[in-house]
Amino acid sequence: MPSPDLQTVVAEIAAEMRSRPDRGEVATYIPELGRVDPNQFAIAVALRDGTLVEGGDTETFFSIQSISKVFTLTLALGLAGDRVWNRVGREPSGSPFNSIVQLEHERGIPRNPFINAGAIAITDLILNGHQPRDTLGEILRFLQFLADDDSVFIDQGVAASEERTGYNNRALANFMKGFGVIDNPVEYVLGTYFHHCAIAMTCRQLAKAGSFLAHLGRNPTTGFSVVTAERARRLNAIMLTCGHYDGSGEFAYRVGLPGKSGVGGGILATVPGKASIAVWSPGLDRWGNSHLGRLALEQLTARMGWSIFGSPLATSA
Ligand code: GLU
């Protein structure tokens, strides 16, 4: 059977997603995100040879939010290696992204680096005594480099909006400080965290930035090695098990790819050895993951036979 034409599949998915009435709910707990038009959808697939196959609003910038945590974890592993795992675990949490409940039981050590508490602990690690603006500059330049595009930026409006309303994250950070898990001043850590979550990118840029994860740690077009093959494999493992909070099982079941979502409505997913995919639609499901983004990935993997588990699942709404 000839393999389906990716361009056609992506175009058909984009057309369907643009017209679907069920779009999920835009996050409003960060007021600036609540102003984003939910009628948007984009998908970009970066292939091994550097080709980009795209559909929808792929040049629109959106707030990558928790997708930034994949890149801060990559930087932290580069800085501290396996010492990272003294600070955060690598088990799925089964709890909402901003939960504080587990932290008390586990004495301030977050379950994994992708829930908010874990990502805040990782931000503290890469801050490492530096000024927030220096660390933020490093994170931003890393993303610009990976995306091969200097227009990736920090949306100051989104960052300020979260600074004003981030009471829950303040509680998490202070709680961890109380347990001695956070070294730097809490306000420095949170300022850096809020700003890296506020990085804005297009789907096209994000798909390119995630390429190294799909190709054993190397940018497949330039050959540049970002991380070792072993580290890329492990980053993918954590994305698969923890990338969608307490919806990670559902995402693995329906899509079958390592992926990381953000409350801005983006998802970065990898098809090891083949492609890196970015999807974006601002409406979220009950776990805080993009509703149409997940549906689009479910259709894409089923139609292309891309699930890492081998047999494509039937799509369903
Ligand atoms: N900045 C957001 C927060 O801390 C990130 C959450 C997410 O994208 O899942 O609440």
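In case you missed it, the structure is sitting above this.
Anyway, here's the lowdown on the structure attached to this text. It should be emphasised that the depicted structure is a prediction, and the values quoted were computed from it without experimental measurement.

1. Some points on the packing of aromatic side chains
Overall, the coordinates contain five aromatic pairs when judged by the stated rule. The cationic tip of Arg-90 hangs over the ring face of Trp-85; the distance from NZ or CZ to the ring centre is 5.2 Å.

2. Looking at the nonpolar core
Judged by nonpolar contacts, the single largest core of 74 residues is most densely connected at Phe-71, Leu-73, Val-84, Ile-120 and Met-201. Element by element, the count of residues in this core is highest for helix H5 (residues 116–127), at eight residues. Setting aside anything within four residues of it in sequence, one finds Phe-71 in contact with Phe-142, Leu-143, Leu-146, Leu-206, Ala-209, Phe-212 and Leu-268. Formed by 26 residues, the second largest nonpolar core is a distinct cluster that contains Ile-13, Val-53, Ala-269 and Leu-300.

3. What about the site of the ligand?
In the vicinity of the ligand, the contacting residues are Tyr-29, Gln-65, Ser-66, Phe-97, Asn-116, Glu-162, Asn-169, Tyr-193, Cys-197, Tyr-245, Gly-262 and Val-263. Tyr-29 places a side-chain nitrogen or oxygen 2.5 Å from an oxygen atom of the ligand. Gln-65 is positioned such that a nitrogen or oxygen atom in its side chain is 2.6 Å from a nitrogen atom of the ligand. Looking at the shell around the ligand, its residues break down into six nonpolar, five polar and one charged.

4. Focus on the packing of helix H6 (residues 132–147) against helix H9 (residues 186–197)
At a closest axis distance of 9 Å, the pairing of H6 and H9 adopts a crossing angle of 25°. In terms of axis orientation, H6 runs roughly parallel to H9. Here H6 runs over H9; the crossing is right-handed. Two secondary-structure elements touch here, H6 through Pro-132, Thr-135, Leu-136 and Ile-139 and H9 through Tyr-188, Thr-192, His-195 and His-196. Split by residue class, the contact of H6 with H9 holds four nonpolar, four polar and no charged.

About the criteria used
Residues numbered from 1 in each chain as written. Predicted model: local features only at pLDDT ≥ 70, side-chain atom pairs only at ≥ 80, totals over all residues. Heavy atoms only, no water. Phe/Tyr/Trp six-rings, centres within 6.5 Å; stacked < 30°, edge-to-face > 60°. Lys NZ or Arg CZ within 6 Å of the ring centre and 35° of its normal. Core = buried A, V, L, I, M, F, W, Y, C linked by side-chain atoms within 4.5 Å. Buried < 20%, exposed > 50% of the residue type's maximum accessible area, 1.4 Å probe, protein only. Helix = DSSP H or I, 4+ residues; strand = E, 2+ residues; numbered from the N terminus. Contact = heavy atoms within 4.5 Å. Near = heavy atom within 4 Å. Polar contact = N/O pair within 3.5 Å; in protein donor to acceptor, adjacent residues only side chain to side chain. Nonpolar A, V, L, I, M, F, W, Y, C, P; charged D, E, K, R; others polar. Axes fitted to C-alpha atoms, helices over the stretch in contact; angles between N-to-C directions. Parallel < 35°, antiparallel > 145°, perpendicular 65-115°, else oblique. Left-handed = near helix turned anticlockwise from the far one by under 90°.

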